Amino acid sequence: MPELVDLHAIQVSVELGPRSYPIHVGSQGADGLGRFAREALEATWAGRSTRSALLVTDHNVAECSYLPASRSALEGVGIAVRIAVVPSGEATKCLATASTLYDELIAMKADRHSVVVALGGGVIGDLAGFVAATYSRGLPLIMCPTTLLAQVDSSVGGKVGVNHPQAKNIIGAFHQPAGVWIDTTTLDTLPPREFRCGLAEVVKYGVILDSGFFAWLERETGSILDRRPGALREIVAHSCRLKAQVVSQDEREETGLRAVLNFGHTIGHAIEAAAGYKGTVLHGEAVAAGMVAECRLAERLGWLGPDLTNRLVSLLGRFGLPTTVSGLHEEQLLEAMSRDKKNQGSRIRFVLPRTLGRVELTDAPELDDVRSVLSTLSS
Ligand SMILES: NC(=O)c1ccc[n+]([C@@H]2O[C@H](COP(=O)([O-])OP(=O)(O)OC[C@H]3O[C@@H](n4cnc5c(N)ncnc54)[C@H](O)[C@@H]3O)[C@@H](O)[C@H]2O)c1
Ligand SMILES: [Zn+2]
C-alpha cells in the first residue's frame, strides 16, 4: 500500500554540523516512518546498509497500536525488527535493564548496520539511547517519543543515560539521534497528568526564549487542552525548534548556554528530591512550582516586576499545573539543592528571567533570599 503523505507535518532541523538531524512532527501515525528512518540513517556512517533494528519500548506503550504500526513501517523498508519490552517507569532506567538490552543486541548479532529505535517516553529514550551510545561504541538511534515531555524535551539534544541508585541520570553520554519521528496522535492515550507535565516544559520555553510563544500559549490554552492535532503539532514543533537552537549552540553543555534550559529546575529538582521520587510530585509539576519560585527570586533580586510571575501563575493554573507544593520545608529544599550535581561547591546558581523571553545565570544569591522564596512555595 502506498504511504500517505502527511501534508500538515512540520519538519525541524537540529543543526550540529556532521551530527545534524531531522525532526518530523506529524499526526498521521507511523505512515512514513520507514522512509524517514532510511533517509535519516543514510546521512550517518551506517549509510544505506541498515538491516536490523532493536525496537525498545515499555509495557504501557506496547499495548498501543503504534507498536505494530512502527514495526511494519520499518519492515516495509527492509529493516528486520526485534522488539524488547521493558517495564514502565523510572526504575527501568538503570544499568540492569541496559544489560538486558545488550543481551538482545548480542542475540540478534547486531553490528554497525543495526539501529536502536526508542518508542516511548523519556525513560525509554534515555535508556535505549544510552544502550545505542555504548554498544559497539555507538549504534545509530532513532527516537520515536510518545509522551509530550519526550516530544518537546528529552528526545532532542542527545543526552542519554541511566540512573544510579543514589543519583539520577549520573551515568550517561551525549549521543545525538539520527532522526526524531514524532507522531502527535500517540498523545491520544497519554494520561492527563502526564500530558500536563509536558506542558510545564513547553511553558518554560516561552519564558526563557520566546515571549511571542508564551502569548500564543495563553491564547490557545483551550485547543491545547483539547489536544487538537494542529495545536499539538505547533507546540511540539516550536518547542523542538527552540530546544534545537540552544543545543546547536552548546551541544555538550560547555559554553553555559545550554544552562538556560534549567530555568525552574534548580528548585524543581529540589522539590522532586525532597518529595522522594514516590510519584507524589512528578517532574513537570515540580518544574511548574519551581518556575514560579524562581520568578519570585528574580523579583526579589530586582530583575523583574510582578507581571511575569502573575502571567506564569495564571497560565500554569489554566493548564492544571501546581504553582505551590505542600508538606515540604524550606530547609529540606535548601539541603536538596546543595546536593544537586549541577551546583559547584556550596554555591547555588540560578537561571532567572530578566524579562519574558530572556534569562540569565545569576551569581549565587543570598541564602536568605532563596529561603524566603522557598517559604512562599507552600502558601
Ligand atoms: N535526556 C534528556 O534530555 C531528558 C530531558 C528531560 C527528561 N528526561 C528524562 O525523561 C524521563 C521522564 O520522561 P517521561 O515523563 O516521558 O516518563 P516515562 O517515559 O516514564 O513516561 C511516563 C508514563 O507514560 C507512559 N506512556 C508513554 N507513552 C504513552 C502513551 N503514548 N500513552 C499512554 N501512556 C504512555 C509510560 O509507560 C509511563 O508510564 C525521566 O527519566 C527524565 O530524567 C531526559
Ligand atoms: Zn525538565
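Given the structure is predicted, the values throughout are model-derived calculations rather than measurements.

Here is what the cut-offs are and how they apply
- Residues numbered from 1 in each chain as written.
- Chains lettered and ligands numbered in written order.
- Predicted model: local features only at pLDDT ≥ 70, side-chain atom pairs only at ≥ 80, totals over all residues.
- Heavy atoms only, no water.
- Pairing = 2+ DSSP bridges.
- Helix = DSSP H or I, 4+ residues; strand = E, 2+ residues; numbered from the N terminus.
- Axes fitted to C-alpha atoms, helices over the stretch in contact; angles between N-to-C directions.
- Contact = heavy atoms within 4.5 Å.
- Buried < 20%, exposed > 50% of the residue type's maximum accessible area, 1.4 Å probe, protein only.
- Salt bridge = Lys/Arg side-chain N within 4 Å of Asp/Glu carboxyl O.
- Donors = N, O, S within 2.8 Å, 3.2 Å for Na, K, Ca; no water.
- Near = heavy atom within 4 Å.
- Polar contact = N/O pair within 3.5 Å; in protein donor to acceptor, adjacent residues only side chain to side chain.
- Areas by Shrake-Rupley, 256 points an atom, 1.4 Å probe, with all protein chains shown as cover.
- Phe/Tyr/Trp six-rings, centres within 6.5 Å; stacked < 30°, edge-to-face > 60°.
- Lys NZ or Arg CZ within 6 Å of the ring centre and 35° of its normal.
- Left-handed = near helix turned anticlockwise from the far one by under 90°.
- Nonpolar A, V, L, I, M, F, W, Y, C, P; charged D, E, K, R; others polar.

J.: It is not clear to me how the sheet that holds strand E4 (residues 80-86) should be interpreted in this structure. Could you clarify?
T.: Strand pairing in a sheet takes place through backbone hydrogen bonds and is either antiparallel or parallel in direction. The strand order across the open sheet formed by seven strands is E1-E2-E9-E6-E5-E3-E4, and the pairing between neighbours is mixed. Of all strands in the sheet, those with a lone pairing partner are strand E1 (10-14) and E4, marking the two edges. Geometrically, the sheet is characterised by an average inter-axis angle of 15° between neighbouring strands, direction not taken into account. Judged from the five bridges that link them, strand E3 (residues 52-58) and strand E5 (residues 114-120) form a sheet pairing that is parallel. Looking at E5, one finds that Val56 is bridged to Ala118. Lying over the sheet, helix H1 (residues 33-42) contacts strand E2 (21-26), E5, strand E6 (141-145) and strand E9 (179-183), oriented at roughly 165° with respect to E9. Across the face of the sheet, helix H10 (residues 229-249) comes into contact with E1, E2 and E9 while running at roughly 15° to E1.

J.: In this structure, what is going on with the pairing of E3? I would like to understand it.
T.: It is a general feature of regular strands that their side chains alternate between the two faces of the sheet. Of all seven residues making up E3, seven are buried, and the element is well covered by its neighbours. Bridge count between E3 and E4: seven bridges; the pairing is parallel. For Val56, the partnering residue across the bridge sits in E4 and is Ala84.

J.: Can you help me understand the pairing of strand E11 (residues 358-361) in this one?
T.: Pairing analysis gives four bridges linking strand E10 (residues 351-355) to E11, with the strands arranged antiparallel. In the sheet register, Pro353 faces E11, and the bridge partner there is Val359. What sits between E10 and E11 in their antiparallel hairpin is a turn of two residues, with Gly357 showing a positive phi close to 100°.

J.: What is the right way to read the pattern of salt bridges from this model?
T.: Any two side chains of opposite charge can pair, on the condition that their charged atoms come close. In the structure shown here, the tally under the stated rule is 19 salt bridges. One salt bridge connects Arg71 with Glu75, and the closest N-O pair in it is separated by 3.2 Å. In this pair, Arg71 and Glu75 both sit in helix H3 (residues 66-75), four residues apart, roughly one turn of the helix. Note on Arg71: relative accessible area 33%, which makes it partly exposed. Residue Glu75 is classed as partly exposed on the basis of its relative accessible area, which comes to 39%. Here Arg349 ties to Asp363 by a salt bridge, and the two come within 3.7 Å at their closest N and O atoms. Residue Arg349 is located in the loop between helix H14 (330-339) and E10, and its partner Asp363 is located in the loop between E11 and helix H15 (367-376); the two are separated by 14 residues in the primary sequence. Through salt bridges with shared partners, a single ionic network connects Glu90, Lys93, Asp126 and Lys168.

J.: I keep staring at the coordination of the zinc ion (ligand 2) and nothing clicks. Help me out?
T.: Ideal values differ by geometry: the angle at a metal is 109.5 degrees with four tetrahedral donors, but 90 or 180 degrees with six octahedral donors. Protein coordination at the zinc ion (ligand 2) comes from Glu201 (OE), His265 (NE2) and His283 (NE2), with a distance range of 2.0 to 2.1 Å. Overall, His283 belongs to the partly exposed group, its relative accessible area being 23%.

J.: I keep staring at the site of ligand 1 and nothing clicks. Help me out?
T.: Around ligand 1, the structure places 25 residues, and the nearest of them are Asp58, Tyr66, Glu90, Thr147 and Thr189. Taking Lys93, its side chain carries an N or O atom lying 2.9 Å from an oxygen atom of ligand 1. The contact in question runs from an oxygen atom of ligand 1 to an N or O atom on the backbone of Val123, over 3.1 Å. The fraction of the free accessible surface of ligand 1 (870 Å²) that becomes covered by protein chains is 85%.

J.: Help me understand the packing of aromatic side chains in this model?
T.: Describing an aromatic ring pair means giving the distance of the ring centres and the angle of the ring planes. Inspection of every chain in the model, using the stated rule, returns three aromatic pairs. The interplanar angle of 25° and the centroid separation of 6.4 Å between the aromatic rings of Tyr102 and Tyr135 together place this pair among those described as stacked. Taken together, the residues Tyr102 in helix H4 (residues 95-107) and Tyr135 in the loop between helix H5 (122-134) and E6 connect sequence positions 33 residues apart. Classification of Tyr135 as buried rests on a relative accessible area of 13%. Where Phe213 meets Trp216, the ring centres are 6.2 Å apart and the plane angle is 15°; that geometry is what we call stacked. Taken together, the positions of Phe213 and Trp216, both in helix H8 (residues 211-219) and three residues apart, correspond to about one turn of that helix. In this arrangement the basic side chain of Arg227 is found over the ring face of Phe195, its NZ or CZ atom lying 4.2 Å from the centre. Arg354 extends its terminal NZ or CZ atom over the ring of Trp303, reaching a point 3.8 Å from the ring centre.

J.: In this structure, what is going on with the packing of helix H7 (residues 192-209) against helix H12 (residues 283-300)? I would like to understand it.
T.: At a minimum axis separation of 8 Å, H7 and H12 run at an interaxial angle of 40°. Relative to H12, the crossing made by H7 is left-handed. Contact residues: H7 offers Arg193, Cys197, Ala200, Glu201, Val203 and Lys204, while H12 offers His283, Gly284, Glu285, Val287, Ala288 and Met291. Within the contact of H7 with H12, the residues separate by chemical class into six nonpolar, two polar and four charged.

J.: Where do I start with the side chain of Gln151 in this structure?
T.: Position of Gln151 among the secondary structure elements: in helix H6 (residues 148-154). Given the relative accessible area of 0%, Gln151 is considered buried. For Gln151, the residues in contact, after removing those within four places along its chain, are Pro145, Thr146, Ile182, Asp183, Thr184, Thr186, Leu187, Val236 and Cys240.

J.: Can you walk me through H1 in this structure?
T.: Side chains three or four residues apart in an α-helix point the same way, a direct result of the helix having 3.6 residues per turn. The buried fraction of H1 is high, at seven of 10 residues. Leu33, Gly34, Phe36, Ala37, Arg38, Ala40 and Leu41 are the residues of H1 that are buried.

J.: Looking at this structure, how should I read unusual backbone geometry?
T.: For residues that are not glycine, phi is negative in most cases, and the peptide bond is trans in most cases. Its identity as a non-glycine residue notwithstanding, Ser136 has a phi of 55°, on the positive side. Tracing the chain through its elements places Ser136 in the loop between H5 and E6. You will see that Arg227, though not glycine, has its phi angle at about 55°, which is positive. Note that Arg227 resides in the loop between helix H9 (221-225) and H10. Note on Arg227: relative accessible area 17%, which makes it buried.

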